[in-house]
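# An overview of the molecular structure
What follows is the residue order along each chain.
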Amino acid sequence: NIDLIKEFRDPELCKGLLETLDRELDDELRFMEVCGTHTVAIFQSGLRSLLPDKVVHLSGPGCPVCVTHESEVNAFLDLAEHDDVIIATFGDLMRVPGHGGRNLKAAQADGASVSVIYSPFDALKLAAENPDKTVVFLGVGFETTAPTIAATMVMARKQGLKNFMVLPFHKTVPTALGALLDDASTRIDGFILPGHVSTVIGMEPYEFIATDYDRSAVITGFEPADILKSLVDMVRWRNEGTAKVTNNYRRAVADTGNAKAREVLYSVFEPCDALWRGIGLIPGSGLKIRDEWTDMDAIVKYGIEITEVPPLPGCRCGDVLKGVITPDQCPLFKKVCTPAKPVGPCMVSTEGSCAAYYKYKVD
Ligand code: SF4
């Protein structure tokens, strides 16, 4: 409903919220938005330059491409070398650099079978059309995409497809937020929580942020008034000496999330440890394929091992994702690293923090 959206962009409403924020905020507020769509929304709406100086905006690890670990990208590239494999992937992974700066686009140019698809279900069609090959879908993303990929696997089994597999590198958001709050190199006073992930998981998995860390976190929509209202709420709770986790995006997100999506997700996947680019190993923050679905697990079939590898030389994506620095504080930003020639993944994805700074930030 476009009229509903218009209300959340109302200039007078936003001006009032900005004034409230400025008036009620005593100390610095370092808030992190955890979703790439919020990163872009904050810049696109002009909010970034309108926020009071006391509000420090940090972009978190919410862009799936950005947090995909170097060793996971290396696994994509190694798999692309197999003659009997067709890699099926969303387009945003094509330019993410792995070993030696090489990416899937270069592998494709060198003759590897890499197919860009728009839905995991397209990978099933690809598998049916290529019975002499194995189609491996690159499973990257958060709780938002994992249920669809699980549903695709269920459908592949129903269709009797024997040549469809998934390389499972999904990650879960709440666990990563706990790791960031434990990290002494950064300070985060509150979180603007992702809308899309929260439609699946609801509010409960974030409750620990208030109970264990005394920080607030608000599930938030993507319009300027949504974001400002959540910031005002966080400031007020802090002034009252309390912390809360709430849902300010009830027009799209149910407090309890989507039970059906979680059911299909956890029928196929189960929690595991995962490596995050720039952050390292976070226990319990990944999703691996359950034993009952091993026949579709590319990690098992191709004996893939994921281990720590050195980060890309000079790239500070890790510090950007943790909120230690802003992208423009990276020495390579705009000089060596640009969207046309990205050094790190945060400059590759349109939702990456570095790409958003490059596109929208006025010096
Ligand atoms: Fe990495 Fe480029 Fe961002 Fe620097 S500007 S952190 S090199 S992606």
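Residues numbered from 1 in each chain as written. Predicted model: local features only at pLDDT ≥ 70, side-chain atom pairs only at ≥ 80, totals over all residues.

### A short note on the overall build of the chain
Heads up, the condition is: Counting from the N terminus, the helices are the DSSP runs of H or I reaching at least four residues and the strands are the DSSP runs of E reaching at least two. Residue burial here comes from a neighbour count, namely the number of other C-beta atoms, placed from the backbone, that lie within 10 Å of the residue's own C-beta, with 20 or more meaning buried, 12 or fewer meaning exposed, and in between meaning partly exposed. Remark: residues whose backbone-derived C-beta atoms lie within 7 Å of one another are considered to be in contact.
Of the regular secondary structure elements, the chain holds 17 helices and eleven strands. Structurally, the chain occupies a C-alpha span of about 65 × 45 × 40 Å along its principal axes. Within the chain, the proportion of its 363 residues that are buried is 48%. If you take every contact in the chain between residues at least 6 apart in sequence, the share linking residues at least 24 apart comes to 77%.

### Section: the packing of helix α8 (residues 120-129) against helix α9 (residues 146-159)
Each packed pair of helices is defined by two parameters, the angle between the axes and the distance between the axes. Where we set the bar: To define axes, lines are fitted to C-alpha atoms, for helices over the stretch in contact only, and angles between the resulting N-to-C directions are given on a 0 to 180 degree scale. For this classification, under 35 degrees means roughly parallel, over 145 means roughly antiparallel, 65 to 115 means roughly perpendicular, and everything else is oblique. By definition, any crossing whose near helix is turned counterclockwise from its far helix by less than a right angle is left-handed, and any crossing with a clockwise turn is right-handed. Any residue outside Ala, Val, Leu, Ile, Met, Phe, Trp, Tyr, Cys, Pro, Asp, Glu, Lys and Arg is labelled polar, Gly included; the first ten of those are nonpolar and the last four are charged.
At a minimum axis separation of 9 Å, α8 and α9 run at an interaxial angle of 25°. Our classification of the angle between α8 and α9 gives roughly parallel. Along this stretch, α8 crosses α9, giving a crossing that reads as right-handed. Residues Pro-120, Phe-121, Ala-123 and Leu-124 of α8 form the contact with α9, whose own contacting residues are Thr-148, Ile-149, Thr-152, Met-155, Ala-156 and Gln-159. By residue class, the composition of the contact of α8 with α9 is seven nonpolar, three polar and no charged.

### Some details on the sheet that holds strand β1 (residues 29-33)
For clarity, the threshold we go by: DSSP bridges decide pairing: two strands pair if at least two such bridges lie between them.
Ordered in space as β2-β1-β7-β8-β9, the five strands form an open sheet in which the pairing is parallel. Strands with a single pairing partner mark the edges of an open sheet, and in this sheet they are β2 (55-59) and β9 (245-247). The mean inter-strand angle of the sheet, taken between neighbouring strand axes irrespective of direction, is 20°. As defined by bridge partners, strand β7 (residues 190-193) adjoins strand β8 (residues 216-219) across four bridges and the pair is classed as parallel. If you follow Phe-191 over to β8, its bridge partner there is Ala-217. Contacts from helix α3 (residues 36-44) reach β1, β2 and β7 within the one sheet, and its direction differs from that of β1 by about 120°.

### A word on the environment of Tyr-357
Tracing the backbone through its elements, the reader meets Tyr-357 in helix α17 (residues 353-360). With 23 residues separating them along the chain, Tyr-357 and Lys-334 place their C-alpha atoms 9.6 Å apart.

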